[in-house]
Amino acid sequence: MVPKTWHEARLIPTSGIGSPIEQERRATSALLAVIGAVDEFGRALLKPCGAPAGHIETYVEVPFELGKKPLRPDGLIRVSRGKKQWTALVEVKTSSNELGAEQVENYLDLAKDNGYDAVITISNEIPPVLGSHPLVLDKRKVKNVPVYHFSWVRIVSIALMQKEVHGVQDPDQAWILGELIRYLEHDNSGALAFTDMGSSWTKVREDARKGVLRKADPDVVDVATKFDALIRYTCLRLGQKLGTEVFPQLPRRQLQNPKERTAELVDELVADSCLAAKIRIPDTVADLEVKCDLRGQQIHVSVTVPASGHTRSETRVRWLMRQLSDDLENVVIEASGRGRKMAAPINEIRTDEKVLAPDPDKEISRFKITHIYPMGVAKSTRAKSSFIDSVGTSIDDFYGRVLQRLKPWTPPAPKLRAKPEERVKDDQYASTDLSSMDSSEPATVSAAPATET
């Protein structure tokens, strides 16, 4: 029996971190060391940056000079494959420290001068769109040397996915990767979860309740950007639990231009006091949709599924209801089709399925299932994280209780037609039987009587 006062020795200890500088150095050294030590993890992390599969070497605080200016990037990664080498400079921030545009652009110049291939930045900042950068950088410099950004939560997600889903072949390397995950998930590491909607959140939430939001207000733009970061964070956390990649579903034009996505959110926030997003989860019947109503202080999580191919509308409603849990509450189901739309609470539908299908002649083509959750509205300093927690909890709950249970309708397999002899046994008369007008003997034709002329 091990006494409770005994603490297990750890490869990367979280104790003894005395300052933000020490925190940053330890996180950088631990991450880069594991990138070089665990082959599968290093490749999974560096492949999106254009690195080839090869031998990985990592270094910390490498001194350089840019003109007469001394520079010391937090790290350097080099991948060797045959005679070719791929090299990237690394800049790291932990806790609430943010990246600086001037510093990153200096590293871009340094990488260009030395013929390096990329600059990688790591911080707790989450860009609104995967592949974009949280900083606005000089496009000319980014064109010469690409810059890639990883949030700490994304790094933890990649590590968990590699260890728990894809696997690490060498057991010692798997243990080392597990130690990195344990370290980064500790509060002392500086790899924070998404806990802050920003300084503009409280003001925007109150203005939304009063209906006085303005499109030109920079606070509205800030909250819209933070909301997309929250959705990306929620996707990463849900993906960790499911062991698969979960990501926001955006049109291609918004993926290529994140500002267009922000503008759409701002328009929706000003018009309806709502923030909305779609989430793609592999192998589900449809995308998960979330809408945060700041004025009504509610979170609507929904999914729209095609109706079954049954002939009767009531049967289509019954097909859907069989897939939903009996303990669901605060759920509204909307049935729609050509020329019709009906909605009702789930409790009423359980009592009478005709509520959604009052007219059998109007066909139901799809169902929208919406679960309504309360929005976190805690006051004082907990207000921001309360909203964040309520969004994540609502999405997780809806997926577990609704979305993962839904299956698309598939038509039944066609049945074999019965053989002729089987039909004769079953039916009193077969189609080839003689009728009452038929005789078993051949018919004879009588001669007509002669007539006198």
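Within any chain, residue numbers begin from 1 and follow the written order of that chain's sequence. Local features in this predicted model are restricted to residues whose pLDDT is 70 or higher, and side-chain atom pairs enter the listing and the counts only when it is 80 or higher, whereas totals over whole chains, interfaces and linings include all residues. Hydrogens are left out, water is left out, and the side-chain values use all remaining heavy atoms of the structure.

Structural notes on the confidence of the model for the protein
Per-residue confidence from the predictor is reported as pLDDT, which spans 0 to 100. Averaged over every residue, the pLDDT of the protein is 85; residues scoring 70 or more account for 88%. It only takes one pair of heavy atoms within 4.5 Å for two residues to be counted as in contact. Between residues 378-383, whose pLDDT stays under 50, and residues either more than four places distant or in other chains, the model counts six contacts. Low pLDDT (under 50) marks residues 435-453, which in the prediction has one contact with non-local residues, meaning those over four places away or in another chain.

Overview of the pattern of salt bridges
Working definition: two side chains of opposite charge can pair if their charged atoms are close together. Put simply, a salt bridge is a Lys or Arg side-chain nitrogen that is within 4 Å of an Asp or Glu carboxyl oxygen. Within the structure shown, the criterion is met by 23 salt bridges. Close ionic contact of Asp397 with Arg401 constitutes a salt bridge, the shortest N to O distance being 3.6 Å. Linking Asp397 with Arg401, this pair stays in helix 13 (residues 383-401), spanning four residues, or about one helical turn. Shared partners join several salt bridges into a network, and the residues in it are Lys203, Asp207, Asp217 and Asp219. Every helix listed is a DSSP run of H or I at least four residues long, and every strand listed is a run of E at least two residues long, numbered separately from the N terminus.

Details of the environment of Pro48
The topology assignment puts Pro48 in the loop between helix 2 (39-46) and strand 1 (55-60). Whether a residue is buried, partly exposed or exposed follows from its accessible area with a 1.4 Å probe, protein chains only, as a fraction of its type maximum: under 20%, in between, or over 50%, in that order. Of the residues examined, Pro48 reaches a relative accessible area of 45% and is grouped as partly exposed.

A look at the pairing of strand 14 (residues 366-374)
Consecutive side chains of a regular strand alternate in pointing toward one face of the sheet and then the other. Pairing between two strands is assigned when DSSP locates at least 2 bridges connecting them. Pairing of strand 11 (residues 298-306) with strand 14 involves nine bridges; the strand directions are antiparallel. Note on strand 14: the bridge partner recorded for Gln298 is Pro374. The sheet contact formed by strand 12 (residues 331-337) and strand 14 spans six bridges and is antiparallel. By the bridge assignment, Glu334 is partnered in strand 14 with Lys368.

Here we look at the pairing of strand 13 (residues 340-345)
Across six bridges, the pairing between strand 12 and strand 13 is antiparallel. Each bridged residue has a counterpart across the sheet, and for Ser336 the counterpart in strand 13 is Lys341. Taken together, strand 12 and the strand that follows it, strand 13, pair antiparallel across an intervening segment of two residues, in which Gly339 is found at a positive phi of about 80°.

Regarding the nonpolar core
Note on terminology: a nonpolar core comprises buried Ala, Val, Leu, Ile, Met, Phe, Trp, Tyr and Cys residues joined through side-chain atoms within 4.5 Å. Counting residues in hydrophobic clusters, the biggest one holds 65 residues, and the most contacted among them are Leu230, Leu320, Leu324, Ile333, Phe367 and Ile369. Counting residues per element, this core draws most heavily on helix 8 (residues 218-242), which supplies eleven residues. Excluding anything up to four places from it in sequence, Phe367 contacts Val303, Thr304, Val305, Ala307, Arg316, Val317, Leu320, Ile333, Glu334, Ala335 and Leu356. Counting 38 residues, the second-largest nonpolar core is a separate cluster that includes Ala27, Leu32, Val92 and Val156.

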